[in-house]
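Residues per chain, in single letters:
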Amino acid sequence: MGEDPYRSLESIKQLIGTINCGAALIDRAGTIVHANRRLCTMMGLSCSQLIGSNVINFYNDPNDRAAISDALDHFDEDAEAEFFLPLPDGTRLPIISSARQLPGPPPLSDHRLVTMLDISKQKQAEQVMRDHYETIVKMSDTLLQQAIELKRYSQTLENRVTQRTAELHQAHMDAIYMLAVASEAKDQDTGRHVRRIQKISYQLAQRLGLSEPNARAIGYSAILHDVGKIHIPDDILSKPGPLDDRERARMQLHTLAGERILSSNSFFELARTIARTHHENWDGSGYPDGLSKDNIPIESRIVHLADVFDALTHERVYKQAWPREQAITAIHQGRGSMFDPQVVDAFDRALRENVLNNGD
């Protein structure tokens with residue numbers, strides 16, 4: 001004997017309770033024969049309010065009722081579609097509904113298993129996407145118009161920015177020269193020494209393979225290498241003979257004073273570094289920090305050689321100018337002790353190319 005269809009129907013009702021989505025058994029008239037707890041929760045109703053009710057009675061809109069009637073007219077056909085569940089507060093819960101006729105003889109075949117998957121989150125995401133798209137479309141016309149207007153003025157604005165940048169750079173350079181000249185005002189070589197240091201440092205930086213902007217920056221930053229001498233007493237700066245230990249220690253403080261004088265403005269960052277470390281020696285015997293080799297910033301290694309070479313070849317209060325060849329020999333003798341060997345090599349290349357005319 002075959003299995004009792006009614007017992008099979010009861011078993012199916014129990015299985016419906018295990019489905020992880022809304023599910024109901026509906027007869028050919030549209031009556032809800034059974035509903036699982038998930039469906040009751042989705043609709044915000046008790047299961048007793050659902051079971052025994054006709055599906056069509058939950059819908060008020062004639063079009064919705066017509067769609068349900070059409071589905072019941074095709075009861076024996078499988079169906080799947082997007083629809084919605086009406087909620088007590090009047091809102092709609094979007095779902096994907098899938099309907100399948102139960103296989104077997106009546107009363108099984110007189111029932112449909114309808115599963116309902118909540119797709120509200122997907123719909124909300126789709127709405128957000130649509131809203132964003134509409135916003136973008138609305139903005140696009142405005143942005144396009146603005147782009148056209150900006151294009152009309154772009155050349156003028158670019159010219160203004162270029163001009164303003166040049167003016168700011170020139171203002172910085174004027175400040176550098178004025179500050180440098182002030183620091184050298186007690187020297188008979190006022191202003192000329194720092195301009196020579198600028199040129200020599202620039203040429204050495206180029207021959208070390210530094211980029212043109214970096215070489216130029218090192219050149220104009222070198223102008224302020226001795227700005228800290230503003231704080232050194234006249235009797236030490238103008239002393240015609242050698243300095244004693246106390247005077248030498250006082251003179252060496254100009255490196256730290258120079259670092260403090262220069263502002264924290266990023267434009268002077270390179271100049272601050274040079275002011276502090278341009279008396280450091282390759283072998284670590286310099287001051288104020290006793291740095292050695294690559295711990296000394298490359299810009300300071302460059303300015304160190306440029307400063308010594310210029311000082312040797314020009315008269316100072318404490319010495320006569322050395323002949324150029326004697327000064328070159330002194331630079332070579334300092335290779336690997338006072339000076340970075342690579343900077344000395346760059347110095348030799350500049351000499352061969354005749355670009356170190358460090359006259360006034």
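Details of the structure are given in the entry above.
Residues numbered from 1 in each chain as written. Predicted model: local features only at pLDDT ≥ 70, side-chain atom pairs only at ≥ 80, totals over all residues. Heavy atoms only, no water.

Turning to helix H4 (residues 62-73), a few remarks are in order. Across its 12 residues, H4 extends 16 Å between first and last C-alpha, which sits within 8% of the 16 Å expected from 1.5 Å per residue. With a side-chain oxygen positioned 2.8 Å from the backbone nitrogen of Asn63, the residue opening H4 is Asp61. (Helix = DSSP H or I, 4+ residues; strand = E, 2+ residues; numbered from the N terminus. Expected span 1.5 Å × (residues − 1). Polar contact = N/O pair within 3.5 Å; in protein donor to acceptor, adjacent residues only side chain to side chain.)

So, on to unusual backbone geometry. Residue Pro107 is bonded to the preceding Pro106 through a cis peptide linkage, with omega at 5°. As for its position among the elements, Pro107 is in the loop between strand S4 (92-101) and strand S5 (111-118). The phi angle at Lys293 is positive, at roughly 50°, despite the residue not being glycine. Phi at Asn354 takes a positive value of approximately 60°, unusual for a residue other than glycine.

If you look at the biggest cluster of nonpolar residues, it comprises 25 residues, and the most contacted ones within it are Leu204, Leu305, Phe309, Ile331 and Phe347. Going through the elements one at a time, helix H6 (192-207), helix H7 (212-222), helix H12 (298-312), helix H13 (324-333) and helix H14 (341-352) are the ones with two or more residues in this core. Tallying contributions element by element places H12 first for this core, with seven residues. When residues no more than four places from it in sequence are discounted, the contact partners of Leu204 are Ile302, Leu305, Ala306, Val343, Ala346 and Phe347. One finds Ala24, Ala35, Val55 and Ile95 within the second-largest nonpolar core, a separate group that totals 20 residues. (Core = buried A, V, L, I, M, F, W, Y, C linked by side-chain atoms within 4.5 Å. Buried < 20%, exposed > 50% of the residue type's maximum accessible area, 1.4 Å probe, protein only. Contact = heavy atoms within 4.5 Å.)

Okay, the packing of aromatic side chains next. Counted by the stated rule, this structure contains four aromatic pairs. Summarising the aromatic geometry, the rings of Tyr59 and Phe83 are spaced 5.4 Å apart at their centres and angled 40° between planes, so their arrangement reads as tilted. Placement of the pair is Tyr59 in the loop between helix H3 (47-50) and H4 and Phe83 in strand S3 (residues 79-86), with a sequence separation of 24 residues. Through pairs of rings, three or more aromatic residues link up here, namely Tyr59, Phe83 and Phe84. Here the basic side chain of Arg92 rests over the ring of Phe84, its NZ or CZ set 3.9 Å away from the ring centre. When the ring centre of Phe75 is taken as origin, the NZ or CZ atom of Arg112, which lies over that ring, is 5.5 Å away. (Phe/Tyr/Trp six-rings, centres within 6.5 Å; stacked < 30°, edge-to-face > 60°. Lys NZ or Arg CZ within 6 Å of the ring centre and 35° of its normal.)

As a further point, take the packing of H6 against H12. A packed helix pair is summarised by two numbers, namely the angle formed by the two axes and the spacing between the axes. Across the interface, H6 lies against H12 with an axial gap of 9 Å and an inter-helix angle of 130°. Relative to H12, the element H6 is oriented oblique. As for how H6 packs across H12, the hand of that crossing is right-handed. Touching His193, Arg196, Ile197, Ile200, Ser201, Leu204 and Ala205 of H6 are Ile302, Val303, Leu305, Ala306, Asp307, Phe309 and Asp310, all from H12. (Axes fitted to C-alpha atoms, helices over the stretch in contact; angles between N-to-C directions. Parallel < 35°, antiparallel > 145°, perpendicular 65-115°, else oblique. Left-handed = near helix turned anticlockwise from the far one by under 90°.)

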